[in-house]
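Secondary and tertiary structure notes
For reference, the chains in residue letters:
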Amino acid sequence: MNISVETRRVDDGIAVVTVGGEVDVYTAPRLKQALLDLTDDGTRALVVDLNGVEYLDSTGLGVLIGGLKRARERGETFRVVCATPRIRRIFDITDLAPVFDLDATEADALAKV
Amino acid sequence: VAASPLVPEIELTIPAQAEFVGIARLAMLGVASRMPFSFDEVEDLRLAVGEACALSIERLNGRAAGDTLTLSYRIEPAALAVEVRSPLTPSPAEATETGPLADVLIRVLMDEVTTEDQPDAGLRVIRLVKNAPG
């Protein structure tokens, strides 16, 4: 499976999910499970780093939307790191860029949580 | 080295399962690279064909293990046309949350998109066309 998903704690209640490779109709369930694993486990801020992602389709976007909705329902922070123009463009085309809190780097995102 | 003549049409049949969509995208890369598309346009084509396959698979929703998708990549004089043919189902799966997003992506990325049901052939055909630059 051409995707990598790694979760790490950077601070109390703050988690970073680093994603690499291709997020598509086949691999997106792995990202979805990683985000679900962080639900109701004390995480109050979640950063999803997509800077290692080479391909993102609507299924991957759907998983991110699901993560954002769950976070908002719980009053948690959900930020997405995306500086790759090719991937950022997909957020723009679908008018989702303003919906997510997009940052260029993980450090930028962590500074805001 | 003389340029080899363009191959007019390539056909690919894959199982209607998510794990095989990457093969359809890979074939798209190979065909589009034979035409004067930019890197971004080739990526647009890869994404659009992947979305068309994903939509077809989601509609079938694991209905039958033997279902297949047949893709035709046709190099036309001024465009690349791709058809994704899938079995026509009497009661398609319920729409998913990502279906509308896939539709938006395909329509923005391609110059022409049509979906046609062919009851006699038992097929739904999604046709994507990307005009070649120049």
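Relevant structure appears above.
Residues numbered from 1 in each chain as written. Chains lettered and ligands numbered in written order. Predicted model: local features only at pLDDT ≥ 70, side-chain atom pairs only at ≥ 80, totals over all residues. Heavy atoms only, no water.

**Some words on helix 2 (residues 39-60) of chain B**
Residue and element names in this part refer to chain B. Stated precisely, the cut-off is as follows: Every helix listed is a DSSP run of H or I at least four residues long, and every strand listed is a run of E at least two residues long, numbered separately from the N terminus. Expected span of a helix: the number of residues minus one, times 1.5 Å. Summary of the burial criterion: residues with accessible area below 20% of their type's maximum are buried, those above 50% are exposed, and those between are partly exposed, where the area comes from a 1.4 Å probe applied to protein chains only.
With 22 residues, helix 2 extends 32 Å between its outermost C-alpha atoms, agreeing within 8% with the 32 Å of an ideal straight helix rising 1.5 Å per residue. For helix 2, a buried count of 18 out of 22 residues is recorded, marking the element as mostly surrounded by other parts of the structure. In the segment just after helix 2, Asn 61 is the residue with positive phi, at about 50°.

**Focus: the sheet that holds strand 1 (residues 9-15) of chain B**
Residues and elements named next belong to chain B. Test applied: Being paired, for any two strands, means DSSP has found at least two bridges between them. Between N-to-C directions, angles span 0 to 180 degrees; the directions come from axes that are lines fitted to C-alpha atoms, helices contributing only their stretch in contact. What makes two residues a contact is simply this: any of their non-hydrogen atoms within 4.5 Å.
Within the open sheet, the five strands sit side by side as 1-2-3-5-4. Their pairing is antiparallel. Each edge of the open sheet carries a strand with a single partner, namely strand 1 and strand 4 (112-118). Taking the axes of each pair of neighbouring strands and ignoring which way they run, one obtains an average angle of 15° across the sheet. With seven bridges connecting them, strand 1 and strand 2 (residues 68-76) associate as antiparallel partners. Bridge pairing links Glu 9 to Arg 74 in strand 2. Against the sheet, helix 2 makes contact with strand 2, strand 3 (79-87) and strand 5 (123-131), and its axis sits at roughly 15° relative to strand 3, the strand it touches most.

**Looking at the environment of Arg 86 of chain A**
The line we're drawing: Polar contacts here mean pairs of N or O atoms no more than 3.5 Å apart (in protein, one a potential hydrogen donor and the other a potential acceptor; neighbouring residues in sequence count only if both atoms are side-chain atoms).
Along the chain, the position of Arg 86 of chain A falls in helix 3 (residues 85-93). On the basis of relative accessible area, Arg 86 of chain A is assigned to the buried category, the value being 14%. C-alpha separation for the pair Arg 86 of chain A and Val 53 of chain A, spaced 33 residues apart in sequence, amounts to 9.7 Å. Excluding its chain neighbours within four sequence positions, the residues that come into contact with Arg 86 of chain A are Asp 40, Glu 43, Asp 44 and Leu 47 of chain B. Within the structure, the side chain of Arg 86 of chain A is placed 2.9 Å from the side chain of Asp 44 of chain B, a separation counted as a polar contact.

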